[in-house]
Amino acid sequence: MKRDFISIDNFSPVELRETLRLAARLKKARNTPLEIRPLVGRSMAMIFEKPSLRTRVTFELAIVELGGHALEINASSVKLGERESVPDVGHNLERWVDLVTARVFRNETVRMLSDSMQIPVINALCDMEHPCQAVADMLTVEELSRGVFPKVSMTYVGDGNNVCHSLMLICAALGVDFRVSTPGGYEPDKHFITRANELASGSGGSFSLFNDPAKAVAGAGFVYTDVWASMGQEEESEQRRKIFLDHQVNSELLSHAADDCYVLHCLPAHRGEEITGEVIDGPRARVFDQAENRLHAQKAVILKLLAPDIAAEFAAGEIA
Ligand code: CP
Ligand code: NVA
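To keep things clear, this report deals only with the structure shown in the data block. (Residues numbered from 1 in each chain as written. Chains lettered and ligands numbered in written order. Predicted model: local features only at pLDDT ≥ 70, side-chain atom pairs only at ≥ 80, totals over all residues. Heavy atoms only, no water.)

1. Looking at the packing of helix H1 (residues 13-29) against helix H7 (residues 162-174)
Thought 1: Packing of H1 against H7 leaves a shortest axis separation of 9 Å and a crossing angle of 95 degrees. Relative to H7, H1 is oriented roughly perpendicular. Residues Pro 13, Leu 16, Arg 17 and Leu 20 of H1 form the contact with H7, whose participating residues are Ile 170, Ala 173 and Leu 174.
Thought 2: Residue composition of the contact of H1 with H7, grouped by class: six nonpolar, no polar and one charged. (Axes fitted to C-alpha atoms, helices over the stretch in contact; angles between N-to-C directions. Helix = DSSP H or I, 4+ residues; strand = E, 2+ residues; numbered from the N terminus. Parallel < 35°, antiparallel > 145°, perpendicular 65-115°, else oblique. Contact = heavy atoms within 4.5 Å. Nonpolar A, V, L, I, M, F, W, Y, C, P; charged D, E, K, R; others polar.)

2. Describing the nonpolar core
Thought 1: One finds Met 138, Met 154, Ile 170, Phe 178 and Ile 302 to be the most contacted residues of the largest nonpolar core, which totals 68 residues.
Thought 2: Among the elements that line this core, the one with the most residues is H7, at ten residues.
Thought 3: Residues Ala 45, Ile 47, Ala 75 and Leu 113 belong to the second largest nonpolar core, which totals 20 residues. (Core = buried A, V, L, I, M, F, W, Y, C linked by side-chain atoms within 4.5 Å. Buried < 20%, exposed > 50% of the residue type's maximum accessible area, 1.4 Å probe, protein only.)

3. Description of the packing of aromatic side chains
Thought 1: Counting across every chain of the model gives six aromatic pairs.
Thought 2: Ring centres of Phe 5 and Phe 11 lie 4.5 Å apart, and the angle between their planes is 35 degrees; this geometry places the pair in the tilted category.
Thought 3: Phe 11 sits in the buried class, given a relative accessible area of 3%.
Thought 4: Over the aromatic face of Phe 314 sits the side chain of Arg 25, whose NZ or CZ is 4.8 Å from the ring centroid.
Thought 5: Its guanidinium or amino end placed over the ring of Phe 11, Lys 304 lies 5.8 Å from that ring's centre, counting from NZ or CZ. (Phe/Tyr/Trp six-rings, centres within 6.5 Å; stacked < 30°, edge-to-face > 60°. Lys NZ or Arg CZ within 6 Å of the ring centre and 35° of its normal.)

4. Looking at unusual backbone geometry
Thought 1: In this structure, Pro 268 follows Leu 267 across a cis peptide bond, with omega equal to 5 degrees.
Thought 2: Relative to the helices and strands, Pro 268 resides in the loop between strand E9 (262-265) and helix H12 (277-280).
Thought 3: One non-glycine residue, Lys 79, adopts positive backbone phi at about 45 degrees.
Thought 4: Mapping Lys 79 onto the fold places it in the loop between helix H3 (75-78) and helix H4 (86-93).
Thought 5: A residue is classified by how much of its surface remains accessible, and Lys 79, at 38% relative accessible area, is partly exposed.

5. Things to note about the site of ligand 2
Thought 1: Around ligand 2, the surrounding shell consists of Leu 125, Asn 161, Asn 162, Val 163, Asp 226, Val 227, Ser 230, Met 231 and Leu 267.
Thought 2: Within the contact set of ligand 2, a nitrogen atom lies 3.3 Å away from a side-chain nitrogen or oxygen of Asn 161.
Thought 3: One nitrogen or oxygen atom from the main chain of Met 231 is found 2.8 Å from an oxygen atom belonging to ligand 2.
Thought 4: Within the complex, the protein chains bury 95% of what would otherwise be the 270 Å² of accessible surface of ligand 2.
Thought 5: Of the residues belonging to the shell around ligand 2, the class tally is five nonpolar, three polar and one charged. (Near = heavy atom within 4 Å. Polar contact = N/O pair within 3.5 Å; in protein donor to acceptor, adjacent residues only side chain to side chain. Areas by Shrake-Rupley, 256 points an atom, 1.4 Å probe, with all protein chains shown as cover.)

6. Some thoughts on the site of ligand 1
Thought 1: Taken together, the neighbourhood of ligand 1 is formed by Ser 52, Leu 53, Arg 54, Thr 55, Arg 103, His 130, Gln 133, Cys 266, Leu 267 and Arg 294.
Thought 2: Interatomic distance of 2.8 Å between a side-chain N/O atom of Arg 54 and an oxygen atom of ligand 1.
Thought 3: In this structure, Arg 294 approaches ligand 1 through a side-chain N or O atom, which is 3.1 Å from an oxygen atom.
Thought 4: If ligand 1 stood free it would expose 250 Å²; the protein chains cover 96% of that surface.
Thought 5: When grouped by side-chain class, the residues that make up the shell around ligand 1 number three nonpolar, four polar and three charged.

7. Structural notes on the pairing of strand E6 (residues 177-181)
Thought 1: Within E6, four of the five residues are buried, leaving the element largely enclosed by the surrounding structure.
Thought 2: Inspection of the sheet shows strand E5 (residues 153-157) paired to E6 by five bridges, in the parallel sense. Note on E6: the bridge partner recorded for Tyr 156 is Val 180.
Thought 3: Sheet topology places E6 next to strand E7 (residues 206-210); five bridges connect them, and they run parallel. Of the residues in E7, the one forming a bridge with Arg 179 is Ser 208.
Thought 4: In this fold, E6 hands off to helix H8 (residues 190-203), which returns the chain to E7; that crossover is right-handed. (Pairing = 2+ DSSP bridges. Right-handed = clockwise from strand over helix to strand, strands pointing away.)

8. Some details on the sheet that holds E9
Thought 1: In spatial order, the strands read E7-E6-E5-E8-E9; together these five strands make up an open sheet with parallel pairing. Since the sheet does not close on itself, it has two edges, and those belong to E7 and E9, each with one partner. Ignoring which end each strand starts from, the neighbouring axes of this sheet average 20 degrees apart.

What follows is the structure, given as structure tokens:
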């Protein structure tokens, strides 16, 4: 049966750990003679309804470096659901390519694409989740904390959005002490709160919600933030700038976190809004490590979906 990666929840906690191990091995093997190229002759179609730098570049490089081929479908010419129905687009694509990656406005669109095809679908960001970002983030956290997730404490400060939802699930699955602070009314979706609590109770992790960022970051080893207005919410930007002001990640807020805390941001960043220039350009930030890790994380996800046996062997160290 085909597998998707539309939500972090599509992979079990064990599979998420395997994906991270595979990503770490692929990172180490990059540009060496040992690098594996198992996807020769395989192709991936990419549809982006919203802008992208990191996701767009790293998805294409990921499949090309694994031996395959990527093609971008111009979303403004395909007009998913307008020029033709989403299922009809899917019925066509599955006749030509092996995998579809989609960045869409609505979660329902990526699910409809999946339901219409027998090939895997990867969510490259929608209104509900950004699962590939979360895998790259945890690869970065694993590198910085030497792989001991149950001892990691991370606080997400800002909007309870797509990036926050995927982080909630992956942190809960991996046993992280994860806290979220948002202004009142901007909390994460209830479904993700319920799932994060369920996953945390199985992993030994914890999940808690705050409306006070200073309390939420107390002693945290990682402080994570994202834009206050996501793509598609531009008309709310001005209002949100006022509402989120006390949720800015700045030096004063970090004085409540652990002395050696790291600062993470999925990018793009708005200096002077959700994070100050001093912090994002300062010694605690690891944002470009996160961006680099998008490549390795997505290679691992693609390989798990298209060549699970090779992925398992490589992750276990049986190849190379
Ligand atoms: N972090 C992230 O997804 O970046 P892009 O929007 O540039 O792809
Ligand atoms: N929450 C942001 C993430 C961008 C990578 C957005 O959806 O625009």
